[in-house]
Amino acid sequence: LSRSTFVGSGTWVAHWLGDNFSNWSNLRKSIIGMLQFNQFGIPFVGADICGFIGDTEPDLCARWQQLGAFYPFSRNHNALGTIEQDPGVFGPEVAKITKDALMIRYSLLPFLYTLFYQHYTQGGTVARPLWHEFPRDSETRTIDDQFMWGKALMISPVLEKDATNRSIYLSPESRWYSVSEFFTIENFYEEPRGGWITYEAPMEVLPLHLRGGAAVPFQQPGLNTVESRKGGMGIMFPLDANNESEGDLYYDDGESIGSQENGDCLISHFQMIQGEISYNVMFNHWEGSDQLVFTVITVLGFRDEIESITVNGVGSRNFYQDDKGMVTIYMLQLPASENWTIKLNTIQKP
């Protein structure tokens, strides 16, 4: 971990953005620094959460913990002689806000890990500005207070004191789904339109949106990364305008050096096209892959009424569809080491 880096250092080190100040201005500017270093080829980067120099405040620290959970490198760190800023110091509200944000991060570690693998093999960014994904949308070119994880997840943190909402830009080039209440799936919904919107974000809410067409793997979170890796796997398929979605998964033992070069890893691709979900193993020489099991699939934006589903050709009643276009397929036992398919059979309209 270094703060003295140059182009090319990302091959070897993580970077933190130096001794920042515990104020709202530095909270906002940290996003710019994070995005710049991703463009420099140093994606494992983050700022000192809650600030380093000076005493932080409970509401500042709460909002910073929400943002910091989505720094690729996430660390709360402060200077000698300042007040304690462990989230628990500020009472149960800040502690819960911090825990909720970090549990989302831990749920998305398979996605984040895959993004780092793609950076390593293809040179892409992990955290990226909106204009990276929407270069033809001129509105995105000056936005520096929202950012993406890969092409799939947009994070729009609240960066002003006492704010309970914020303006968010949703590029009209995509469908967007609000997933801010990440562990309450029934509260997911599709945004009715693109462009600028006002999004309600009281202190406990971190605005999060999934982009249609970009599927995301996740895992049941635990109290640490060791425990999280034991959790059941899942995939969220937010559908695009063609009712399609796809994504990738990279996984290894999480500890060994040279897993990619030695082939000790699992690489898979998954997609939903014309109502059929398919999962295909592209490469797998990792002995631990049979311990990864997909237990739940979520589809967002599916508007046709489902009559039945089949899992690897066998009928199943373990699904739920709400009136907002969300489909949850649960009680699955689908190994990550094997190919599998799920077919959504819809009621044919006369």
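Rules used throughout
Residues numbered from 1 in each chain as written. Predicted model: local features only at pLDDT ≥ 70, side-chain atom pairs only at ≥ 80, totals over all residues. Heavy atoms only, no water. Patch = residues over 30% accessible without salt bridge, like charges linked within 9 Å, V, L, I, M, F, W, Y side chains within 5 Å. Areas by Shrake-Rupley, 256 points an atom, 1.4 Å probe, with all protein chains shown as cover. Salt bridge = Lys/Arg side-chain N within 4 Å of Asp/Glu carboxyl O. Lys, Arg positive; Asp, Glu negative; His and termini not counted. Charge placed at Lys NZ, Arg CZ, Asp CG, Glu CD. Helix = DSSP H or I, 4+ residues; strand = E, 2+ residues; numbered from the N terminus. Buried < 20%, exposed > 50% of the residue type's maximum accessible area, 1.4 Å probe, protein only. Expected span 1.5 Å × (residues − 1). Pairing = 2+ DSSP bridges. Disulfide = S-S within 2.5 Å. Core = buried A, V, L, I, M, F, W, Y, C linked by side-chain atoms within 4.5 Å. Contact = heavy atoms within 4.5 Å. Axes fitted to C-alpha atoms, helices over the stretch in contact; angles between N-to-C directions. Parallel < 35°, antiparallel > 145°, perpendicular 65-115°, else oblique. Nonpolar A, V, L, I, M, F, W, Y, C, P; charged D, E, K, R; others polar. 1 Å grid on protein atoms, 1.4 Å probe; cavity = no way out; pocket = protein on both sides within 12 Å on 5 of 7 lines; lining within 4 Å. Points joined across faces, edges and corners; volume = space filled by probe spheres on them.

**Q** Would you take a moment to explain a negative patch on the surface for this structure?
**A** On the surface, Glu93, Glu181, Glu186 and Glu204 cluster together to form a negatively charged patch. Structurally, Glu181 is set in the loop between strand 9 (176–178) and strand 10 (189–190). Judged by relative accessible area, Glu181 falls into the partly exposed class, the value being 43%.

**Q** What am I meant to see in helix 4 (residues 109–122) here?
**A** Residues spaced three or four apart along an α-helix point in a common direction, a consequence of the helix completing one turn every 3.6 residues. Taking 1.5 Å per residue, 14 residues should reach 20 Å; helix 4 reaches 19 Å between its end C-alpha atoms and fits that length. Within helix 4, burial applies to Pro110, Phe111, Leu112, Thr114, Leu115, Tyr117 and His119. Positioned one or two residues after helix 4, Gly123 has a phi angle of 85 degrees, which is positive.

**Q** Sorry, what's going on with the pairing of strand 18 (residues 293–300) here?
**A** In summary, the side chains of a regular strand alternate between the two faces of the sheet. The buried count for strand 18 comes to 6 of 8 residues, which makes it a mostly enclosed element. Alignment of strand 14 (residues 233–238) against strand 18, held across 6 bridges, turns out to be parallel. Bridge pairing links Pro238 to Leu300 in strand 18. Relative to strand 23 (residues 334–335), strand 18 runs antiparallel, the two being bridged by 2 bridges. Along strand 23, the bridge assignment pairs Phe294 with Leu334. By the bridge criterion, 3 bridges tie strand 18 to strand 22 (residues 327–329) in an arrangement that is antiparallel.

**Q** Looking at this structure, I do not really get the state of the cysteines. What am I missing?
**A** In a disulfide, the sulfur atoms of two cysteines are held together by a covalent bond. The tally for this structure, following the rule as stated, stands at 1 disulfide. Each disulfide pairs two cysteine sulfurs, and for Cys50 the partner residue is Cys61, the sulfurs being separated by 1.9 Å. With the S-S dihedral at roughly 80 degrees, the linkage between Cys50 and Cys61 falls on the right-handed side. With Cys50 in the loop between strand 3 (48–49) and helix 2 (58–68) and Cys61 in helix 2, this residue pair connects regions lying 11 residues apart in the sequence. Accessibility classification places Cys50 together with Cys61 in one group, the buried group.

**Q** Got a minute to help me understand the side chain of Asp145 in this structure?
**A** Examined against the element boundaries, Asp145 turns out to sit in the loop between helix 5 (130–133) and strand 6 (147–149). On the basis of relative accessible area, Asp145 is assigned to the buried category, the value being 15%.

**Q** What's the story with the nonpolar core in this structure? I'm lost.
**A** A general tendency of soluble globular proteins is for nonpolar side chains to be buried together. Core analysis: the biggest nonpolar cluster contains 79 residues, and Phe70 and Trp149 have the highest contact counts within it. The biggest single contributor to this core is helix 1 (residues 24–39), with 6 residues. Contacts of Trp149, omitting those with residues within four sequence positions, involve Ala69, Phe70, Arg105, Leu108, Phe111, Leu112, Leu115, Val126, Ala127 and Ile155. Grouped together as the second largest cluster of nonpolar side chains are 15 residues, Ala163, Ile168, Tyr199 and Ala201 included.

**Q** Mind showing me how you'd approach the packing of helix 1 against helix 2 here?
**A** Two quantities define a packed helix pair, namely the angle between the axes and the distance from one axis to the other. The contact between helix 1 and helix 2 brings their axes to 10 Å, and the two run at 5 degrees. For the element pair helix 1 / helix 2, the angle class is roughly parallel. When helix 1 is examined against helix 2, the residues Trp24, Asn26, Leu27, Ser30 and Ile31 are found in contact with a partner set consisting of Asp59, Leu60, Arg63, Trp64 and Leu67. Residue classes in the contact of helix 1 with helix 2 are distributed as 6 nonpolar, 2 polar and 2 charged.

**Q** For this particular structure, what's the right way to read the sheet that holds strand 12 (residues 208–211)?
**A** Sheets are built from strands paired through backbone hydrogen bonds, the pairs being either parallel or antiparallel. Across the sheet, 6 strands lie side by side as 5-6-7-12-9-10; this open sheet has antiparallel pairing. Of all the strands in the sheet, the pair left with one neighbour each is strand 5 (127–128) and strand 10. The pairing of strand 9 with strand 10 spans 2 bridges and is classified as antiparallel. Following the sheet pairing, Tyr177 is matched in strand 10 by Glu190.

**Q** How should I be thinking about empty space enclosed by the protein in this particular structure?
**A** A probe as big as a water molecule, rolled over the atoms, marks out the empty space that is left. All told, the structure shown has 1 cavity of 30 Å³ or more when counted by the stated rule. What the largest cavity holds in volume is close to 50 Å³. What lines the largest cavity is Tyr177, Phe188, Tyr189, Glu190, Leu300, Gly301, Lys324, Gly325 and Met326. Among the residues making up the lining of the largest cavity, the classes are represented as 5 nonpolar, 2 polar and 2 charged.

**Q** I tried to follow the packing of helix 3 (residues 92–107) against helix 4 on my own but got confused; where do I start?
**A** The geometry of helix 3 relative to helix 4 is characterised by a closest axis approach of 5 Å and an angle of 55 degrees between their N-to-C directions. Between helix 3 and helix 4, the angle is such that the two are oblique. Of helix 4, the residues touching helix 3 (which contributes Arg105, Tyr106 and Ser107) are Leu109, Pro110 and Leu112. Partitioning the contact of helix 3 with helix 4 into residue classes produces 4 nonpolar, 1 polar and 1 charged.

**Q** In this structure, what is going on with the sheet that holds strand 19 (residues 306–311)? I would like to understand it.
**A** Taken in spatial order, the 6 strands of this open sheet run 15-16-17-24-19-20, and their pairing is antiparallel. Taken across any chain shown, the strands that pair with only one partner, and hence form the sheet edges, are strand 15 (245–251) and strand 20 (314–316). Ignoring strand direction, the axes of neighbouring strands in this sheet form an average angle of 20 degrees. Contacts between helix 4 and the sheet are confined to strand 15 and strand 16 (266–273), with strand 15 contributing the most and set at about 80 degrees to the helix.

**Q** Looking at this model, I keep getting lost on the layout of surface pockets. Mind explaining?
**A** Taken as a whole, the largest pocket holds about 1,300 Å³ of empty space. Every residue lining the largest pocket is counted, 39 residues in all, and those nearest its centre are Phe44, Tyr113, Phe116, Gly254 and Gln260. Taken together, the elements giving at least two residues each to the lining of the largest pocket come down to helix 3, helix 4, helix 6 (225–228), strand 15 and helix 7 (259–262). In terms of residues, the lining of the largest pocket owes the most to one element, helix 4, which gives 8 residues.

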